[in-house]
Protein chains: 2
Amino acid sequence: MLPSQKFSGAFTADEEVPRTLVENAYLALRRDIVDGKHAPGSRLRVEHLKGDYGVGAGTLREALSLLVSDALVVSEGQRGFWVTTISHEDIEDITRNRLLLETEALRASIKNGDDEWEAELVAAFHRLTRVEEKLNTTVARMREWEDRNRGFHEALISACNSRWLRYLIGILYRQSERYRRFLLTSSRAKRDIHAEHSELFDAAMKRDVRRASAALELHIMTTFEIIRQTSEEDLQRPPKGVRRNNVSA
Amino acid sequence: MLPSQKFSGAFTADEEVPRTLVENAYLALRRDIVDGKHAPGSRLRVEHLKGDYGVGAGTLREALSLLVSDALVVSEGQRGFWVTTISHEDIEDITRNRLLLETEALRASIKNGDDEWEAELVAAFHRLTRVEEKLNTTVARMREWEDRNRGFHEALISACNSRWLRYLIGILYRQSERYRRFLLTSSRAKRDIHAEHSELFDAAMKRDVRRASAALELHIMTTFEIIRQTSEEDLQRPPKGVRRNNVSA
DNA sequence: GATTTAAATAATCTCGAGAATATTTGGAAG
DNA sequence: CTTCCAAATATTCTCGAGATTATTTAAATC
């Protein structure tokens, strides 16, 4: 996580414009890891990657060290860096802790939220609704949906008065994004995700903590249940575009 | 946090022997920040620190990047690194989240703990008891007490089956250690910390979740209440040995 | 005196190359 | 065929120096 953004919000969605090559490489690497371009468990060789991302070895090492704070990368002295593994056990654990932390944050947010919070929530829900109306599953649309989905969930808990809680949720949310690409494979049709969001939004606006918590729990659990149906084998499989890609900045 | 140790345990107490200069500098820097040798909010100038810790600029930058994962250091592009600030608001927030997470972990640990868990807990409690019997407050004893206290708390939740929960607790525990040096100043006499530990141990061994949780909550809250009595001014004051110190490795 | 501008100073950021370490390859022995 | 060992290769780790950017100092103007 970019140090300066650590406590900015819950989900560290829009990092401010990167000012250094380290920050650039960090963002590009993070995107590629979350998208599965670098396979979970695979080695991240500085010697090769510095060419792909167009920076020097020291710069890339620093970016990799930053990624450790997101638990997306692990390393071992004198042996290098690896992409953190994913597994059914892992997503189940992430889900369990998201349930605990996000419901707690939602509770606090509903309790503390003022008019401005409501206004931002209405806006975020509107943006999400618009993109969910179009059942377009192109890559570009998918990324837009991800951004707006994150924006909505961030708006929900933005009035939570615990910085640490928002920070910890941010770590878990970023982790869960790694599993999102498996949501498109199966049984997506059966799910009415907009209905889930709608119920959640409605309950939050009515300040109904119990109903809102239940809706959030259902939302998180439903997501998990779909991923759960993916075989452990498919979980390890890389996405369509296998090739490693360059830095775009 | 050292990448390889991320998921090793709850509190990342004993890192394995450092194999690189980066890891060495990381450990030394972390200790100095936790101990307040580098004042909260103060700037960490790579140009100066590389001399103090006996490493090159790149190596030190990497160590600082690693410290971001512990939320002990923040940075801003082109402006450098700072020690994360501390405040009453911060420790209150840390406390709030420790209460939430540690009681949850304790609950799971008591539920899942086997004979081996009990054995390790008995051993950890014994070690802690021995050092608490001697009311010695020298610096060396204090550090020993800190290690054994961490060992006891780690043993308590070691049977928790959620790696992520243990990891998140580790982050918060490390943060709370930054405030420990303010526990020695006032009203220490009034507190019977061994009685708190004893009650906690007893309840855990009897598998009494409610009593154990209550004891843990009381323990965490009592610690917070003492720090709360420290003035915000004293909180910002550096410890006795003001001078910056060199790397020991 | 307060504000603005420009030079001087200090620090960060970045890369390339060399030393230290790990991994792989190839061959010999059992 | 398997195991062990040594050479060859590949990669990590580390530092120093230069380019870029921020900060401070000093002078000049209002």
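Please read these numbers as outputs of a predicted model, since none were measured by experiment. (Residues numbered from 1 in each chain as written. Chains lettered and ligands numbered in written order. Predicted model: local features only at pLDDT ≥ 70, side-chain atom pairs only at ≥ 80, totals over all residues. Heavy atoms only, no water.)

Caption draft 1: Fine view of the relation of the copies chain B and chain A. Superposing chain B onto chain A requires a rotation of 180° together with a translation of 0.0 Å along the rotation axis, leaving an RMSD of 0.0 Å. Viewed as a symmetry operation, the transformation between the two copies matches a two-fold axis. Closest approach to the rotation axis within chain B is made by the C-alpha atom of B:Ser69, at a distance of 1.9 Å. Most of the interface of chain B is mirrored in chain A: 100% of its interface residues are interface residues there too. (Least-squares fit on C-alpha atoms with pLDDT ≥ 70 in both. Contact = heavy atoms within 4.5 Å.)

Caption draft 2: Representation of the pairing of strand β2 (residues 73-76) of chain A. All names here are of chain A. Judged by which residues are buried, β2 turns out to be one-sided: Val73 and Ser75 face inward and are buried, whereas Val74 and Glu76, on the alternate face, are not. With 4 bridges joining them, β2 and strand β3 (residues 80-83) adopt antiparallel strand pairing. If you follow Val74 over to β3, its bridge partner there is Trp82. Between the end of β2 and the start of β3, which pair antiparallel, lie 3 residues, with Gln78 showing a positive phi angle near 65°. (Buried < 20%, exposed > 50% of the residue type's maximum accessible area, 1.4 Å probe, protein only. Helix = DSSP H or I, 4+ residues; strand = E, 2+ residues; numbered from the N terminus. Pairing = 2+ DSSP bridges.)

Caption draft 3: Structural view of the protein's contact with DNA strand C. Taken together, the neighbourhood of DNA strand C is formed by 22 residues, with A:Leu21, A:Arg79, B:Arg19, B:Glu47 and B:Arg61 sitting nearest. Considering the 4 Å shell around the protein, atoms of DNA strand C inside it are sugar or phosphate in 95% of instances. A:Val22 is positioned such that a nitrogen or oxygen atom in its backbone is 3.3 Å from a phosphate oxygen of DNA strand C. A distance of 2.8 Å is found between a phosphate oxygen of DNA strand C and a side-chain nitrogen or oxygen belonging to A:Thr59. (Near = heavy atom within 4 Å. Polar contact = N/O pair within 3.5 Å; in protein donor to acceptor, adjacent residues only side chain to side chain.)

Caption draft 4: Structural context of the pattern of salt bridges. All names here are of chain A. Summed over the entire model, instances satisfying the criterion amount to 34 salt bridges over all chains. The partner of Arg207 in a salt bridge is Glu118, with the nearest N and O atoms 2.7 Å apart. Of this pair, Arg207 sits in the loop between α8 (193-205) and α9 (209-228) while Glu118 sits in helix α5 (residues 115-133), placing them 89 residues apart in sequence. Overall, the relative accessible area of 30% leaves Arg207 in the partly exposed class. Classification of Glu118 as partly exposed rests on a relative accessible area of 22%. Between Asp202 and Arg211 there is a salt bridge; the shortest N-O distance is 3.1 Å. Overall, the relative accessible area of 27% leaves Arg211 in the partly exposed class. One continuous salt-bridge network, built from bridges that share partners, spans Asp147, Arg150, Arg174 and Glu177. (Salt bridge = Lys/Arg side-chain N within 4 Å of Asp/Glu carboxyl O.)

Caption draft 5: Representation of the confidence of the model for chain A. All names here are of chain A. Of the residues in chain A, 86% have a pLDDT of 70 or more, and the chain-wide mean is 87. Per-element confidence in chain A is highest for helix α4 (residues 88-112), whose mean pLDDT is 98, and lowest for helix α10 (residues 232-236), whose mean pLDDT is 86. Between residues 4-14, whose pLDDT stays under 50, and residues either more than four places distant or in other chains, the model counts 36 contacts. The low-confidence segment residues 242-249, where pLDDT is below 50, has 15 contacts with residues more than four positions distant or belonging to other chains. (pLDDT = per-residue confidence, 0-100.)

Caption draft 6: A look at a positive patch on the surface. Positive charge collects at one region of the surface, where A:Arg19, B:Arg43, B:Arg45 and B:Arg79 lie side by side. Note on placement: B:Arg45 falls in the loop between β1 (43-44) and α2 (46-52). (Patch = residues over 30% accessible without salt bridge, like charges linked within 9 Å, V, L, I, M, F, W, Y side chains within 5 Å. Areas by Shrake-Rupley, 256 points an atom, 1.4 Å probe, with all protein chains shown as cover. Lys, Arg positive; Asp, Glu negative; His and termini not counted. Charge placed at Lys NZ, Arg CZ, Asp CG, Glu CD.)

Caption draft 7: Broad picture of the nonpolar core. Judged by nonpolar contacts, the single largest core of 93 residues is most densely connected at A:Leu101, A:Phe152, B:Leu101 and B:Phe152. Top contributing element to this core by residue count: α4(A), with 9 residues. When sequence neighbours within four positions are dropped, the list of residues in contact with A:Phe152 reads A:Leu121, A:Ala124, A:Phe125, A:Leu128, A:His197, A:Leu200 and A:Phe201. Formed by 45 residues, the second largest nonpolar core is a distinct cluster that contains A:Leu44, A:Tyr53, B:Val68 and B:Phe81. (Core = buried A, V, L, I, M, F, W, Y, C linked by side-chain atoms within 4.5 Å.)

Caption draft 8: Spatial organisation of the protein's contact with DNA strand D. Close to DNA strand D lie 22 residues; A:Arg19, A:Glu47, A:Arg61, B:Leu21 and B:Gly56 are nearest. The protein-proximal atoms of DNA strand D, defined as those within 4 Å of the protein, are 95% sugar or phosphate. Between A:Glu47 and DNA strand D, the recorded distance is 3.1 Å, taken from a backbone N or O atom to a phosphate oxygen. Between DNA strand D and the protein, one listed contact pairs a phosphate oxygen with a side-chain N or O atom of B:Thr59 at 2.8 Å. Going through the elements one at a time, β1 (43-44) and α2 (46-53) of chain A together with α1 (21-34) of chain B are the ones with two or more residues in the surface near DNA strand D.

Caption draft 9: Just the sheet that holds β2(A), in detail. Reading across from one edge, β1-β3-β2 (chain A) is the order of the 3 strands in this open sheet, with antiparallel pairing throughout. Strand pairing shows two members of the sheet lacking a second neighbour, β1 and β2 of chain A, which therefore form its edges.

Caption draft 10: Fine view of unusual backbone geometry. All names here are of chain A. Despite not being glycine, Gln78 shows a phi value in the positive range, around 65°. Classification of Gln78 as exposed rests on a relative accessible area of 63%. Positive phi is not limited to glycine here, since Arg207 has a value of about 60°.

Caption draft 11: Local environment of the interface of chain B and chain A. Taken residue by residue, the interface counts 40 residues in chain B and 40 residues in chain A. Note on chain B versus chain A: buried area summed over both sides is about 3500 Å², and carbon and sulfur give 59% of it. Where chain B touches chain A, the interface holds 2 salt bridges. Where A:Arg61 meets B:Glu62, a salt bridge forms, and the shortest distance between an N and an O atom there is 2.8 Å. If you look at where chain B meets chain A, you find 18 residue pairs in polar contact (both at pLDDT 80 or more). Those elements that place two or more of their residues in the side of chain B that touches chain A are α3 (57-67), β2 (73-76), α4 (88-112) and α7 (163-177) of chain B. Across the side of chain B that touches chain A, the residue classes break down as 18 nonpolar, 11 polar and 11 charged. (Buried area = accessible area lost by both parts, 1.4 Å probe. Nonpolar A, V, L, I, M, F, W, Y, C, P; charged D, E, K, R; others polar.)

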